[in-house]
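Here is how the chains run, residue by residue.
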Amino acid sequence: MQYQILQIAIENGIAVVTISREKALNALNRQTMDELRHFFSETASSIEGLKGVVLTGAGEKAFVAGADITEFQGLSPEQGQALAQRGQDLFFLIEKFSKPVVAAVNGFALGGGCELAMSCHLRIAGEKARFGQPEVNLGLIPGYGGTQRLIQYIGKTKATELLMTADMLGAEEALRLGLVNSVVPAGEEVGKAVELIEKIATKAPVAISKIIETVNAYFAEEVDGFAYEVAAFGQCCATEDFKEGAAAFVEKRKAAFTGK
Ligand code: DAK
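Presented here is a report on the structure given in the accompanying data block. (Residues numbered from 1 in each chain as written. Predicted model: local features only at pLDDT ≥ 70, side-chain atom pairs only at ≥ 80, totals over all residues. Heavy atoms only, no water.)

We now examine the overall build of the protein. A count of helices and strands for the protein gives 10 helices and 10 strands. For a compact globule of 260 residues, the expected C-alpha radius of gyration is about 18 Å, and the protein comes in at 19 Å, within 12% of that figure. The principal-axis extents of the C-alpha atoms in the protein amount to approximately 65 × 40 × 35 Å. Looking at the protein as a whole, 43% of its 260 residues qualify as buried. (Helix = DSSP H or I, 4+ residues; strand = E, 2+ residues; numbered from the N terminus. Rg over C-alpha atoms; globule rule 2.2 N^0.38 Å. Buried < 20%, exposed > 50% of the residue type's maximum accessible area, 1.4 Å probe, protein only.)

Okay, structure coming up:
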């Protein structure tokens with residue numbers, strides 16, 4: 001696929017993916033959603049030695065200011081439902097991606113933008129970042145998982161308030177509530193996200209992918225997370241990296257993980 005909106009820079013095994021529709025505050029139009037889907041389902045897995053992905057928005061003002069409002073006027077209930085399902089499927093794809101995906105939130109993360117950030121495994125906020133689900137202003141509710149993931153991150157009480165009032169959260173409050181992992185000065189979001197992925201990449205890759213799976217299992221209703229953990233633990237025991245990690249500890253040296 002020839003990407004028109006995503007700018008992808010790969011350095012030292014880390015893909016920095018920038019959503020570049022700065023004039024529309026990086027709003028998620030169909031093309032952007034299609035490119036994100038293609039990136040996570042095709043391109044990312046073909047990147048040799050991929051350590052993780054950083055998602056960010058172009059410019060200083062917005063991460064993503066929501067779904068592109070100009071595109072969803074006049075949708076029938078059936079079309080709306082189908083689009084919401086398609087969007088949710090994409091965000092599940094990101095949430096289940098086997099390598100860490102970190103959102104570097106450099107400004108407004110509203111509606112679909114907040115939902116996109118919440119589908120990433122970790123979130124670094126710039127001090128100017130603002131988070132919110134303003135769909136009720138448009139006569140809508142979030143359709144890309146926002147009602148569910150916001151509760152998962154910050155709890156029912158505050159999530160319900162934000163979903164009903166469309167109020168925005170600043171970066172520090174988002175940190176206090178547990179929506180983001182850390183707050184950095186504006187302009188340092190991507191650097192901090194890269195640093196975090198570099199740190200995670202020093203650990204055993206299969207174990208990291210099993211952390212992603214087991215954390216997701218907690219929220220998957222049809223899955224017993226504890227049973228999932230037991231099975232995933234057993235799978236880790238079968239890896240060469242487990243032998244290497246344990247041997248390195250005993251031999252008082254740094255482990256050299258291979259991802260096998
Ligand atoms: N879509 C399209 N264009 C957008 C946009 C958006 N979400 N947000 C901003 N823009 C455009 C503005 O129209 C403006 O374009 P021009 O007038 O220059 O052509 C440009 O970006 C700059 O925006 P502003 O001039 O408004 O900038 P300000 O600094 O004054 O305000 C703002 C920044 C972020 C507070 C404001 O732009 C704003 O309130 N934006 C809208 C935020 C919002 O309501 N986002 C949508 C949330 S609802 C669905 C599934 C999911 C969804 C919908 C449907 N289906 C399955 C059907 C999800 C919906 C949402 O995300």
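As a matter of local geometry, the ligand sits amid 23 residues, with Lys 61, Ala 65, Ala 67, Ala 84 and Gly 112 nearest to it. A distance of 3.3 Å separates an oxygen atom of the ligand from a polar backbone atom of Lys 23. At 3.0 Å, a backbone N or O of Ile 69 approaches a nitrogen atom of the ligand. Contact with the protein chains removes 64% of the 1,100 Å² of surface that the ligand exposes when unbound. For the shell around the ligand, the leading source of residues is helix H2 (residues 77-95), giving three residues. Across the shell around the ligand, the residue classes tally to 15 nonpolar, four polar and four charged. (Near = heavy atom within 4 Å. Polar contact = N/O pair within 3.5 Å; in protein donor to acceptor, adjacent residues only side chain to side chain. Areas by Shrake-Rupley, 256 points an atom, 1.4 Å probe, with all protein chains shown as cover. Nonpolar A, V, L, I, M, F, W, Y, C, P; charged D, E, K, R; others polar.)

This next bit is on the nonpolar core. Judged by nonpolar contacts, the single largest core of 47 residues is most densely connected at Leu 36, Phe 39, Phe 40, Val 53, Leu 116 and Phe 131. In contact with Phe 131, not counting residues within four places along its chain, are Val 105, Ala 109, Leu 110, Cys 114, Ala 125, Asp 167, Met 168, Leu 169, Ala 174, Leu 179 and Val 180. By size, the runner-up hydrophobic cluster in this structure holds 12 residues, among which are Val 16, Val 102, Leu 122 and Val 184. (Core = buried A, V, L, I, M, F, W, Y, C linked by side-chain atoms within 4.5 Å. Contact = heavy atoms within 4.5 Å.)

Scanning the model with the defined rule gives 12 salt bridges in all. Put simply, Glu 198 and Lys 51 hold a salt bridge, and the shortest N to O gap is 3.0 Å. With Glu 198 in helix H7 (residues 189-200) and Lys 51 in the loop between helix H1 (30-43) and strand S3 (52-57), this pair connects stretches of sequence that are 147 residues apart. For Glu 198, a relative accessible area of 25% puts it in the partly exposed group. According to the relative accessible area criterion, Lys 51 is partly exposed, its value standing at 24%. (Salt bridge = Lys/Arg side-chain N within 4 Å of Asp/Glu carboxyl O.)

Bringing the packing of H1 against H2 into the picture now. Running from amino to carboxyl end, H1 crosses H2 at an angle of 35 degrees, the nearest separation of the two axes being 10 Å. Crossing hand, H1 versus H2: left-handed. The residues of H2 that touch H1, namely those facing Arg 30, Met 33, Asp 34, Leu 36, Arg 37, Phe 40 and Ser 41, are Leu 83, Arg 86, Gly 87, Leu 90, Phe 91, Leu 93 and Ile 94. Here the contact of H1 with H2 is built from residues that sort into eight nonpolar, two polar and four charged. (Axes fitted to C-alpha atoms, helices over the stretch in contact; angles between N-to-C directions. Left-handed = near helix turned anticlockwise from the far one by under 90°.)

Moving on, we come to unusual backbone geometry. Despite not being glycine, Asn 12 has its phi angle at roughly 55 degrees, a positive value. Summarising the element assignment, Asn 12 is placed in the loop between strand S1 (6-11) and strand S2 (14-19). Residue class for Asn 12 comes out exposed when judged on its relative accessible area of 53%.

Turning our attention to the sheet that holds S3. Strand order across the open sheet formed by six strands is S1-S2-S3-S5-S7-S10, with mixed pairing between neighbours. Two strands in the sheet have a free side with no partner beyond their single neighbour: S1 and strand S10 (182-184). Neighbouring strand axes in the sheet, compared pairwise and without regard to direction, differ in orientation by 20 degrees on average. Here strand S5 (residues 101-105) pairs with strand S7 (residues 122-126) via four bridges, running parallel. Each residue of the ladder has a partner; that of Ala 103, found in S7, is Arg 123. Lying on the sheet, H7 is in contact with S2, S3, S5, S7 and S10; it crosses S7 at an angle near 150 degrees. (Pairing = 2+ DSSP bridges.)

Looking now at the layout of surface pockets. Considering only enclosed or pocket space, the largest pocket measures out at about 740 Å³ in volume. Lining of the largest pocket is provided by 34 residues; of these, Ala 67, Phe 72, Leu 75, Leu 140 and Tyr 144 occupy positions nearest its centre. Sorting the residues of the lining of the largest pocket by element identifies H1, H2 and helix H3 (112-119) as the ones contributing at least two each. Here the lining of the largest pocket gets seven residues from one element, more than from any other, and that element is H2. A class-by-class count of the residues in the lining of the largest pocket yields 17 nonpolar, nine polar and eight charged. Taken as a whole, the second largest pocket holds about 580 Å³ of empty space. (1 Å grid on protein atoms, 1.4 Å probe; cavity = no way out; pocket = protein on both sides within 12 Å on 5 of 7 lines; lining within 4 Å. Points joined across faces, edges and corners; volume = space filled by probe spheres on them.)

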